[in-house]
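Residue-level structural notes
Spelled out, the chains give:
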Amino acid sequence: MPKINLSGVEKNYGGNSANAVADLDLEIGDGEFMCLLGPSGCGKTTTLRMIAGLEHLTAGEIRVGQRVVDSVVDGVFVPPEKREMGLVFQSYALWPHLTIERNTDFGLRLRKMPKAEREQRVDQVMKTLGIEKYRDRYPSQLSGGQQQRVALARMLAVNPEVLLLDEPLSNLDAALRLEMRAELKRLHREFKTTIVFVTHDQWEAMTLATTIAVMSEGELQQVGTPNDIYERPANRFVAQFVGNPPINIVELGDGKSEVSQLANAYLGARFAELRDAGSIGIRPEAIRLADAERGVADGAVAGQAEVTGILPTGGSWIIELTAGGEKLFMTTHQSPEVEVGEAVTWWAKSKALHVFDKAGQRMEVADRLMRPAKLH
Amino acid sequence: MSGQSQSSVQTVVKPATVTHGTVATLKSPTRSQRLRYRTKVALREPTTIIGVLAAALFAYLIVVPIISMLSDAMRVQFGDERRIKQDVGELTWYYIDRVFLSRISHDLFWEPLVNTLSVAAGAITLSMLVGGTLAWLLSRTDMFGRRWFATALIVPYMLPAWTFALAWTTLFKNRTVGGQPGWLESIGFSPPDWLSYGQLPVTIILALHYSPFVILLFGNALRRFDSQLEDSARILGAGRLTVARKIIMPLMRPSLMSAMVLIFAKCLGEFGVPYVLGLPVNFDVLATSLYQNISSRQVGVGAVLAGAIMLIGIITITIDARLMREARRFVTIGSKGSMNRLSPLGILRLPATGFAALMFLLSVGLPIGTLFLSTVMRVPGQFNLDNFTLDYWIGTNLNTVALQTGILLSPDLWNAAWNSLRIVGVASITSGILGLLVGYVVARTPVKPLGTFLRQVTFLPYLVPGIAFAAAYLSLFAVPRGPIPALYGTTLILMLALIADQMPYASRAGIAAMTQLGKDPEEAAQIAGAGWFRRMISIVIPIQKGSLTTGILLPFISGIKGLSLFVVLAVPSTDVLTTYSLRLVDYHYTQAANAVVLIIAGLAYFGALLGQKLTKTNLAQGLGN
């Protein structure tokens, strides 16, 4: 039984603007930790706000459990205050004139919960999040991380069935982010709430989500587990958006560059079915350098290049290769034994190749040919 | 699985979690379904309804009076039928012709226009010199007592402008006018007319009164200036003078121009000063010319004059808006290194402090001191101990025709004070609350045109000098119209006019506050389950407490010392403090008039001080708006 169901949801801010969200169908299962991932302006926050009821729809329908909360065709609109959800804002939106305790028990007071029960609940939530010692302070007296916890506590206090998070970690520094990420994962386990999380940070999405929905320009690109998204990106956009350093894309058709000719020749010689392919993607960690001990693996795509840059990133290295003017990036965890200016042979296994058609969509047929084990 | 969506570049591969069943059954909504849904959304929230009501209210309080007045300018007025040889209400060019082209157009319009322009030009030049120097001393040098002066030098703007006019007459009044002589006259020196009345004193007084504008605007710009810009030039080898000439001045130009334009707009509507100091020598400016036409029931001519003043005002403010846009373009340059480096004045440190002190004495000490002394002296200018008396404040059985008690014992004063507090108080509270509501609607309504209309309509009175606006109210409410009875002579018309007149400030404060607050805190409450009313009471109003206080206090202060609106609309029974003191001036009860003005100045000053304490902000800066 899905918890939240969006069908045909469309949002247009009027005028001649393009749809902020176009024809979106999405199902979020009960207890799922769903990440809406995409670059800024892709419609992910708009989608979240529509689920919360803070934006109205231009077309489509939203159901939460069995209840239709939004339907343009049926003229249904349940206002946000009646949807019984929680939403943590990017800015936290703590009420500056109320103490931490009053911020936290605001929702409970509205629900007219008896005092003793309310206090017990607030105590419990504050303890869980470690903010009980700040209860009499005002939001401006807390640090960003503490404010973040209060914003979470405020929503968790009313025990919502759905918790919506709008880039809640983007205003925190790196160390706090890591801590809060672990915290969120723990809370998800503990409260068993359905969580919808909006972020533009692929790393955040990968580490937190049980399911990721990648969006771009108002359209859903792919829905899947973090592994799916990384291992089998549905199109070039997803492949390029997820992964750091980004995936190397080699255009096929034109055959102008050295790498392109090489890839064309490679595919043409082995996989006749792929002659319509438009481009291939190779993740940086899939590229290896051939050396005296280990040559190019059997059946791998390989080529010559010059090392034009070595960038240590602490524990690993990014190596920039240039072949006939085209750049390829690779990563390695072993201290590179090459130097800038050296000529090298690079290679990648065929099962590491992502093949896209001319429209940029993943060619499933390539997967069947190149990764037989994975599919069956 | 991917077969259904391979047709174009945009298509998406939708794995198993995406539903397909519902898509087929869900049709794209029809127009009427969309409308029904949107209406439902809009009606959930009273925002739109409040917005529509507010829009109707302001259309009636602001737009209709102005239109009514402009149409008066083109229609034959009651009493003019015979002269124009047309029936009342018919279209006519008569008034326009009379004001701009006829033989008396010179006295009616052209000479007052020239006077207005030359007074404004003089006042602008003087206040630029004085205010500009002071602003620089305050924000960029190591002059002594800068913090104290920063507040003290703004005080002149908190006092009613014609405080200075009355002080001037107290000092310089000569035989041209009857009543008590001025101090100079009574010590045996008879000042010439050009020194006592007309252009010179009006110009000097307006310059003193408006130089705080320059201090605030120019000083702020100087303080906000990014010192890195200056440093870059210095590092490249520019000397201090070159930096000042090539870097600082060009960047300061918008703020200086803006101060100039604002002073001009204020001079245009200034009534009290030219009225007190111009009348004895028939020195008319546009505002006094308009007043005289209105008080002699020349409604049509008055309407044309008011329209002309309005037009000049609109042009001026439009120019200002342009300049401010330009200024904003500059402001974005730097935000990090504000300029807190001070130029050492060296040997000039003491003289500079002396100059600031002198300006404070001239613009605050002297006028207030003179006015106060004049109220406790029987014969002006004689400093013998037996010449001092408190009779004018608290005496009884005085040997005068009217006002036989000291001013504090006169019921008229208390009546006027009560009227002032009541009218200005009600109007300020109302406009403060309306301003916050306008801000709320503008920031929240999904109906964009409604927000735009509200923002513009509440700004409209800003373009119309008070006296022209009062004329518009007179035109609309002097006679019964439809279900609305004639309001002239009631306190209601004063309140309504004051509310409308204060809306630009109130709504600007409200819009700024609501936009700054953003939607998040309210939406968070909404998610937590709070309905609209609960959100207003528990979230929005408590958070906006400070700006609401400012939004009420600022109009209150400017209303208490305001004259131009009241002078047209008040009658003796609805006298407020300002019109009451003007009436006393007209009757030559100099001491009483001065005492009342002192009371007003005190109210305005301590009101501003109180506001500053309450909101912990510098209200003086807000007064510059």
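Naming follows an unreviewed UniProt entry, where chain B appears as Iron(III) transport system permease protein of Aminobacter ciceronei. Its UniProt record, at the heading Sequence similarities (unreviewed entry), says of chain B: "Belongs to the binding-protein-dependent transport system permease family."

Looking at an unreviewed UniProt entry, one finds chain A named Iron(III) transport system ATP-binding protein and attributed to Aminobacter aminovorans. Quoted verbatim from the Subcellular location (unreviewed entry) field of UniProt, the annotation for chain A is "Cell inner membrane". You can read under Sequence similarities (unreviewed entry) in the UniProt record for chain A the words "Belongs to the ABC transporter superfamily."

Regarding the overall build of chain B
For chain B, the count of helices and strands is 30 helices and zero strands. The dimensions of chain B, computed from C-alpha atoms along their principal axes, are 110 × 75 × 50 Å. Taken over 625 residues, chain B has a buried fraction of 47%. Nonlocal contacts in chain B, meaning residues at least 24 apart in sequence, comprise 75% of its contacts between residues at least 6 apart.

Some thoughts on the domain arrangement of chain A
Parsing chain A into structural domains produces domain 1 (2–241) and domain 2 (248–375). Of the residues in the side of domain 1 of chain A that touches domain 2 of chain A, the class split is three nonpolar, two polar and two charged.

Here we look at the UniProt feature "domain: ABC transmembrane type-1" (unreviewed entry) in chain B
Residues and elements named next belong to chain B. Following the UniProt record, the feature "domain: ABC transmembrane type-1" (unreviewed entry) maps to residues 113–322 and 417–611 here. End-to-end, the C-alpha atoms of residues 113–322 are 24 Å apart, and along that stretch the chain is 79% helix and 0% strand. Strand forms 0% of residues 417–611 and helix 81%; the C-alpha atoms that close the span are 20 Å apart.

Quick word on the nonpolar core
Counting 173 residues, the largest nonpolar core has Leu-290, Ala-471, Ala-497, Leu-569 and Val-596 of chain B as its most contacted members. The element contributing the most residues to this core is helix 23 (residues 491–517) of chain B, with 15 residues. Inspection of this core shows a minimum of three residues originating in each of domain 1 (46–85 + 418–586) and domain 2 (93–370) of chain B. Apart from the residues lying within four places of it in its own chain, the contact partners of Ala-497 of chain B are Phe-469, Ala-470, Tyr-473, Leu-565 and Leu-569 of chain B. The next biggest cluster of nonpolar side chains, apart from the first, holds 111 residues, and it includes Ile-28, Phe-106, Ala-209 and Ile-229 of chain A.

Points about the sheet that holds strand 7 (residues 85–88) of chain A
Residues and elements named next belong to chain A. Strand order in this open sheet of six strands is 7-8-9-3-10-11, and the pairing throughout is mixed. Each edge of the open sheet carries a strand with a single partner, namely strand 7 and strand 11 (219–224). Averaged over neighbouring strand pairs, the angle between their axes works out to 15° when direction is ignored. Bridging between strand 3 (residues 33–37) and strand 10 (residues 211–216) involves four bridges; their strand directions are parallel.

Considerations on the pairing of strand 5 (residues 67–71) of chain A
Residue and element names in this part refer to chain A. Note: strand 4 (residues 59–64) against strand 5, four bridges, orientation antiparallel. Bridge assignment links Ile-62 to a residue of strand 5, and that residue is Asp-70. Count of turn residues in the strand 4/strand 5 antiparallel hairpin: two residues, of which Gly-65 carries a positive phi of about 60°. Judged from the two bridges that link them, strand 5 and strand 6 (residues 76–77) form a sheet pairing that is antiparallel. Within strand 6, the residue paired with Asp-70 across the bridge is Phe-77. With antiparallel pairing between neighbouring strands as the criterion, strand 5 and strand 6 make up a hairpin whose turn holds four residues, including Gly-75 at a positive phi of roughly 65°.

A few points about the environment of Leu-262 of chain B
All names here are of chain B. Mapping Leu-262 onto the fold places it in helix 14 (residues 240–269). For Leu-262, a count of 21 C-beta atoms within 10 Å gives the class buried. Sequence spacing of Leu-262 and Ala-233 is 29 residues, and the spatial spacing of their C-alpha atoms is 32 Å. Non-local contacts of Leu-262, meaning those with residues more than four positions away in its chain, are made with Phe-213 and Asp-320.

Let's talk about helix 21 (residues 448–463) of chain B
The end-to-end C-alpha separation of helix 21 of chain B is 23 Å, in line with the 22 Å expected for 16 residues at 1.5 Å each. Taken together, the buried positions of helix 21 of chain B are occupied by Gly-451, Leu-454, Val-457, Thr-458, Pro-461 and Leu-463 of chain B.

Let's talk about the pairing of strand 19 (residues 353–356) of chain A
Residue and element names in this part refer to chain A. In strand 19, alternate side chains face the same way, and those of Leu-353 and Val-355 on one face and His-354 and Phe-356 on the other are all buried. As judged from the four bridges shared by strand 13 (residues 279–282) and strand 19, these two strands associate in the antiparallel manner. Across the sheet, residue Ser-279 finds its bridge partner in strand 19, namely Phe-356.

Calculation rules
Residues numbered from 1 in each chain as written. Chains lettered and ligands numbered in written order. Predicted model: local features only at pLDDT ≥ 70, side-chain atom pairs only at ≥ 80, totals over all residues. UniProt positions renumbered as here; feature names shortened; annotations may be inferred. Helix = DSSP H or I, 4+ residues; strand = E, 2+ residues; numbered from the N terminus. Buried ≥ 20, exposed ≤ 12 C-beta atoms within 10 Å, placed from the backbone. Contact = placed C-beta atoms within 7 Å. Domains from an automatic or database assignment. Nonpolar A, V, L, I, M, F, W, Y, C, P; charged D, E, K, R; others polar. Core = buried A, V, L, I, M, F, W, Y, C linked by C-beta atoms within 7 Å. Pairing = 2+ DSSP bridges. Axes fitted to C-alpha atoms, helices over the stretch in contact; angles between N-to-C directions. Expected span 1.5 Å × (residues − 1).

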